[in-house]
Amino acid sequence: EVAEYASTLPYVESAHEYKFMCSDPGQQMLIDDAREKGLNRVVVASCSPRMHEKTFRKASQTAGINPYCFQMACIREHCSWVTEDPEKATEKAKDLVRGAVSRVLHHEMLTAGVADVNPNVLVIGAGIAGMQAALDIAYAGMKVYLVEREPTIGGTMLKFDKTFPTLDCAACIGTPKLVSVGQDPNIEMYTNSEVAEVTGFVGNFNVKIRRKPRHVDLQKCTGCGECTAVVLDEDRPPKKSEGELWVDRIQIDEARCSQCGECVRACMEDNAEIQGLTNIVRQRFQAVSSRNELADPTPLQKILLMSQEERKTFWGDHFRKCIKCYGCIDMCPVFVGWDDGLQISQWMEGGQVPPPYPLFHLLRAYNVWDTCVGCGECEKTCPADIPLKMLQDIIRYLPVEDVVETIPGLEAEALEKISSFVEKRRESSRRISYAS
């Protein structure tokens, strides 16, 4: 009855009923019919596409029909096996066939392509299962990216004393794997990170990993622990233990952080000569001011060597791309709404795109002039790739009057406001000033 109904549908040239379409005789019937009648589309109503779609695509191709001009209607799993009333099942099967015929008319002839496969593997979660999976894949010679949302790997198992059923020591099982994961050259770890986006297709995925700011440079950190034990003044009473506030800046709870900057200040005071940003930025500025010949200047040094007109063009070209998405503010770990801060909303109308430049960017940057930890989240977040980290380095090292020469275009009223703000904040600033 379903086959008879199908033969009455528009564009249908031939309709047959056969009990075992997936068998060789069933496929041959399809091939012969297609060749004799010059068909260019095929619909098979039988089992699920997952089971035999490839079978009938191959048969269609053998008959000279593009394999992607084939459509399968599942009248077994979706109809006869799950619909109790035979009459209703028959009507449902007719609907499924009619839908398949209507759809196959819109199929386009496709050609199977060949794509290079990226053998690298992403493992999400670095608990005991994730570590073992990463090690097995790495031992097979493939590159592994291991992503863990916590600051440390190991997961819940390492918190146990004994493991079931042998009562083996959890640390005795997990610790060797921790070491192996850390030392394996084929494993690249991303701790304190989360997968933000996955695009692409099988064999060629693109994954965007969101790394939370740590506020320390792992390459330069000596593990001295000074940032974890900071004594605060009495005017900022924290939860204390024998007069000390224990703040592990890597494992800090960002939701509860008061962003006082004391952990950063402690690191800078105890490691003034090797503190990464202070040392590197000062060297770059001094190399220009001493008029040394620079064989391969950094982007920052190139700006310092530009003429006033060149600087105006450089920053204008970058700032014009700004869509004022506020990502540089939202993702900044130390940006808070100070009562005495430079309120951006008071200086410009909402919805201005691009915003008045360099006003918007300098107001944002100076709001965190004395609390910036140099994490670079503002620049990483910016969809327009504006060099915000470089801008932050400039305002933290140079006096305001030199900043407006390096980043020209600021009006006199705004300059006066920013200068007043910096001087007022400098008196109460709790961190070291980079300016000499």
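Residues numbered from 1 in each chain as written. Predicted model: local features only at pLDDT ≥ 70, side-chain atom pairs only at ≥ 80, totals over all residues. Heavy atoms only, no water.

(A) Region of interest: the packing of helix H13 (residues 359–367) against helix H15 (residues 388–397). At a closest axis distance of 10 Å, the pairing of H13 and H15 adopts a crossing angle of 65 degrees. Two packed elements cross with a definite hand, and for H13 against H15 that hand is right-handed. Contacts between H13 and H15 involve His361, Leu362, Arg364, Ala365 and Tyr366 from the former and Leu388, Leu391, Gln392 and Ile395 from the latter. (Axes fitted to C-alpha atoms, helices over the stretch in contact; angles between N-to-C directions. Helix = DSSP H or I, 4+ residues; strand = E, 2+ residues; numbered from the N terminus. Left-handed = near helix turned anticlockwise from the far one by under 90°. Contact = heavy atoms within 4.5 Å.)

(B) Focus on the pattern of salt bridges. Enumeration over the complete set of coordinates arrives at 13 salt bridges. The salt bridge involving Arg98 is made with Asp95; its shortest N-O contact spans 3.0 Å. With Arg98 and Asp95 both in helix H5 (residues 86–104) and 3 residues apart, this pair spans about one turn of that helix. Here Arg98 falls in the partly exposed class, since its relative accessible area comes to 35%. For Asp95, a relative accessible area of 41% puts it in the partly exposed group. For Lys208, the salt bridge is made with Glu197, and the minimal N-O distance between the two is 3.5 Å. Of this pair, Lys208 sits in strand S9 (residues 204–211) while Glu197 sits in strand S8 (residues 193–201), placing them 11 residues apart in sequence. Where salt bridges share partners, they join Glu1, Glu91 and Lys94 into one cluster. (Salt bridge = Lys/Arg side-chain N within 4 Å of Asp/Glu carboxyl O. Buried < 20%, exposed > 50% of the residue type's maximum accessible area, 1.4 Å probe, protein only.)

(C) Local environment of the environment of Leu158. The topology assignment puts Leu158 in the loop between strand S4 (144–147) and strand S5 (162–163). C-alpha separation for the pair Leu158 and Ala171, spaced 13 residues apart in sequence, amounts to 5.6 Å. Ignoring sequence-local partners within four residues, the contact set of Leu158 consists of Ile153, Ala170, Ala171, Gly174, Thr175 and Leu178.

(D) Local environment of the side chain of His318. Along the polypeptide, His318 turns up in helix H11 (residues 308–319). Given a relative accessible area of 17%, His318 falls into the buried group. Excluding its chain neighbours within four sequence positions, the residues that come into contact with His318 are Asp385, Ile386 and Pro387.

(E) Here's a closer look at the side chain of Asp33. Here Asp33 shows up in helix H2 (residues 24–37). Within the structure, the side chain of Asp33 is placed 2.4 Å from the side chain of Ser14, a separation counted as a polar contact. If we skip the residues at most four places from it in the chain, Asp33 touches Ser14, His16 and Leu39. (Polar contact = N/O pair within 3.5 Å; in protein donor to acceptor, adjacent residues only side chain to side chain.)

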